[in-house]
Amino acid sequence: MTTKTEQFNKIQLKDGLSEIRSGDTVQVFQKIKEKDKQRIQIFEGLVLARKHGKGINSTIKVRKIVSGVGVERTFPVHSPNVEDIKIIRRGKARRSKLYYLRTAKGKKSKLKKIDFEQGEVNKTTEVQTEEIETEKSTETLEEKN
């Protein structure tokens, strides 16, 4: 027999979310209210941790580098303010919590990239957490040439 709170929680769970793991680079689309207007703000970064299982209380901690300063935010996965979570790329992580990336520099801050569709490890390509934004700018320069 289920209680009323369990029934309410089942209604609030989001359907269609892909499995988010630590090491993934994600885009979190969050609803922002400013006075009477509402807009969606995108926060793109690396998932350091996933906590509280897969229930209504589950959260992810996302980190990105802005102007050389690390910014971390914790998002409740099933919150009504979180519109969508898209996985940009997967990284091979051997730990469930990647807190060591806060202080890691150089080679130690790199994660191996996993091909998203096939699930195989691409050993030649490595993703550096600090150079996510610079990769996008170099791609646009190559397209212009």
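Calculation rules
- Residues numbered from 1 in each chain as written.
- Predicted model: local features only at pLDDT ≥ 70, side-chain atom pairs only at ≥ 80, totals over all residues.
- Heavy atoms only, no water.
- Helix = DSSP H or I, 4+ residues; strand = E, 2+ residues; numbered from the N terminus.
- Contact = heavy atoms within 4.5 Å.
- Areas by Shrake-Rupley, 256 points an atom, 1.4 Å probe, with all protein chains shown as cover.
- Buried < 20%, exposed > 50% of the residue type's maximum accessible area, 1.4 Å probe, protein only.

Colleague: What exactly am I supposed to notice about the overall build of the protein here?
Modeller: Helix and strand counts for the protein come out as 2 helices and 7 strands. Listed N to C, the secondary structure of the protein is α-β-β-β-β-β-β-β-α in terms of helices and strands. Sequence-distant contacts, at least 24 apart, represent 51% of the contacts inside the protein between residues at least 6 apart. In the form shown here, the protein has an accessible surface area of approximately 10,400 Å², with 48% of it arising from carbon and sulfur atoms.

Colleague: Even after reading the chapter, I still don't get the side chain of Thr59, so can you show me in this structure?
Modeller: Take Thr59: it is sitting in strand 3 (residues 59-66). Assessed through its relative accessible area of 16%, Thr59 is described here as buried. Not counting residues up to four positions away in its chain, the partners in contact with Thr59 are Ala49, Arg50, Lys51, His52, Thr74, Phe75, Pro76 and Val77.

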